[in-house]
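Examining the three-dimensional arrangement
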Amino acid sequence: MVVVGAGITGLAAAHELITAEPNLEVVVLDAASRAGGKILTTEFAGRMVDEGADQFLVRQPEMAQLCREVGLEDRLVTPQALGASLLVDGELRRFPPGLMLGVPTDIDGLAASNLVSDAAIAHLRETPNRQPTPLDPNDDPSVAELVRRELGDEVLDRLIGPLLGGVHAGDTERLSVRCAAPQIAAAAAAPEGLLAGAQAQVAAAAGRAPAPVFNGLVGGTSAAVQALVAELGHRLFLQTPVHQVRIDAAVGEQASGTQAHPVVVEHQGGITRARGVVMAAPTGPAATALAETAPTASELLAAIGYTSVVLVTFAFAESSVGHQLDGTGFLVPQDQIKLLKACSWLSRKFSHLSDGGVIARASAGSRLAPGAIDLPDDELSQQLLDELTPVMKITEAPTEVRITRWHQGLPQFDPGHLDRVAAIRRSVADAGPITIAGAGLEGLGLPTCVRQGRAAAAELHSRLQEKPR
Ligand SMILES: Cc1cc2nc3c(=O)[nH]c(=O)nc-3n(C[C@H](O)[C@H](O)[C@H](O)COP(=O)(O)OP(=O)(O)OC[C@H]3O[C@@H](n4cnc5c(N)ncnc54)[C@H](O)[C@@H]3O)c2cc1C
């Protein structure tokens, strides 16, 4: 079996195959010189600090479960539940309690937060008196369209936009609610409408034992990659980009009863024949590799856009930051963004990063500001520092600065995305023993990637088990 791509999706797929059948010959091919894809942890200011993903949802348990399976149970940690703020007119205002992906379920709390106007609060209080329009099961509006219609402009601009637009570096006007925010889509399908649906979800959760929202890993998210790579051993081949995945029709036809390897994987340095392939590369390279074999899938994959983001991580002496950093960081609403889009106070967020001064990770760039990544290093770090200085009351220069550019780092999910993903999967399945998974398909969060990778591997494995070998 060949897995293309050693990001978390491909590594999870390989883990699934190895676990299902320990003697199965599995080969993982990746174009880069390291495994992990968008996951990278490096040393910074004396600590292991993530350059990409640093936490994952617990409600979707697949990533935490995978960590446990590879022996990282003791390294799972919960980020401090300190809450975050929004930067409005140069001032940090705390997000209120009771947000469900930004949907306010506690209107009194929202009123006290000073984040939206009295008129917006009055509009929300009137919501139960308006005729609800539950989300049709066949409808996939943009996040902006749905939220504006159900909850008004200010909830979009001050709550859901910064939170969801931030995670996706996207444009909520062009962001599929079903793919990017399935919880909001589920709440919006409630007969009483989005607000009541979200309130019911939050009330149901309140009845359960309190559970952390996120987990992180001591040593950084790369600890999971390292454990999965160690499990793979000599089965991982780096600097081996896959150019094409073809079905050898002749072998396919005479395969019955023989040890068939009908898939031909053309990669740098040669050809590998496989019984089946899990494609776990980003959608662009996947489109190229499948152009001949699954042209419909290839065309749809090629149309999925990505956006670039850049992170600048600063270390400061504790004494040079005047703000008390009473949270995990802050976001900037779209209408107030100059360059800085968000800042995560990593040394506050994770207690294992707290010793040795402040670490603040600033981010810039989105679908609405795609040029941020192209700014020269000096300009980028200086402008972000200039924007952070009055907010965090910084009095001295940073002791360390690190710039991480993620070119084409985040897939963008336009409305209707999941229907196109279903068509991609059909086209790939029709082509032969190939399955496909990854952030660009069903969602970019680590648990979703792990779920997809494992499901793609399990599906391929069971399909091949059914056939005579
Ligand atoms: C800055 C940033 C912060 C993030 N923060 C979070 C977070 O806090 N929590 C969270 O849950 N998610 C977060 N994410 C999202 C998450 O990290 C990614 O969605 C996820 O890691 C993607 O995994 P993947 O394996 O699907 O794709 P990738 O990580 O992109 O892996 C794909 C792999 O395929 C390889 N490849 C490419 N072309 C070829 C080819 N032709 N042949 C072979 N191999 C190829 C690449 O080298 C790469 O290793 C963040 C993402 C970014 C960029």
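Residues numbered from 1 in each chain as written. Predicted model: local features only at pLDDT ≥ 70, side-chain atom pairs only at ≥ 80, totals over all residues. Heavy atoms only, no water.

1. Section: the sheet that holds strand β13 (residues 242-247)
With respect to topology, three strands assemble into an open sheet ordered β13-β14-β15, the strand pairing being antiparallel. Two strands close off the open sheet at either side, each with one partner strand: β13 and β15 (270-274). Each strand of the sheet is rotated relative to its neighbour by a mean of 20°, with strand direction disregarded. In the sheet, strand β14 (residues 263-267) pairs with β15 via five bridges, with the strands oriented antiparallel. Residue pairing in the sheet places V265 in a bridge with T272 of β15. (Pairing = 2+ DSSP bridges. Helix = DSSP H or I, 4+ residues; strand = E, 2+ residues; numbered from the N terminus. Axes fitted to C-alpha atoms, helices over the stretch in contact; angles between N-to-C directions.)

2. Some points on the packing of aromatic side chains
Enumeration according to the criterion identifies two aromatic pairs in this entry. Summarising the aromatic geometry, the rings of F314 and F316 are spaced 5.9 Å apart at their centres and angled 20° between planes, so their arrangement reads as stacked. Overall, the relative accessible area of 1% leaves F314 in the buried class. (Phe/Tyr/Trp six-rings, centres within 6.5 Å; stacked < 30°, edge-to-face > 60°. Buried < 20%, exposed > 50% of the residue type's maximum accessible area, 1.4 Å probe, protein only.)

3. Observations concerning the layout of surface pockets
Looking at the second largest pocket, its volume works out to about 300 Å³. Of the residues that constitute the lining of the second largest pocket, the class distribution is eight nonpolar, seven polar and six charged. Here the lining of the second largest pocket spans two domains, since at least three of its residues come from each of domain 2 (95-206) and domain 3 (306-411). (1 Å grid on protein atoms, 1.4 Å probe; cavity = no way out; pocket = protein on both sides within 12 Å on 5 of 7 lines; lining within 4 Å. Points joined across faces, edges and corners; volume = space filled by probe spheres on them. Nonpolar A, V, L, I, M, F, W, Y, C, P; charged D, E, K, R; others polar. Domains from an automatic or database assignment.)

4. Quick look at the domain arrangement of the chain
The assigned domain composition of the chain is domain 1 (2-36 + 222-304 + 414-466), domain 2 (95-206) and domain 3 (306-411). If you average the C-alpha positions of domain 2 and of domain 3, the two centres end up 27 Å apart. Counting residues at the interface gives 12 residues for domain 2 and 12 residues for domain 3. For the pair domain 2 and domain 3, the summed buried area comes to about 910 Å², and 56% of that belongs to carbon and sulfur atoms. On the domain 2 side of the contact with domain 3, R158, A169 and R174 bury the most area, a combined 48% of that side's loss. The tally of links from domain 2 across to domain 3 stands at one salt bridge. D335 is paired through a salt bridge with R158; the nearest N and O atoms lie 3.0 Å apart. Where domain 2 meets domain 3, there are three residue pairs in polar contact (both at pLDDT 80 or more). (Contact = heavy atoms within 4.5 Å. Buried area = accessible area lost by both parts, 1.4 Å probe. Salt bridge = Lys/Arg side-chain N within 4 Å of Asp/Glu carboxyl O. Polar contact = N/O pair within 3.5 Å; in protein donor to acceptor, adjacent residues only side chain to side chain.)

5. Some details on the state of the cysteines
Note: disulfide means a covalent bond formed between the sulfur atoms of two cysteine side chains. Counting across every chain of the model gives zero disulfides. Here C179 stays free of any disulfide, with the sulfur of C449 as its closest cysteine sulfur at 11 Å. (Disulfide = S-S within 2.5 Å.)

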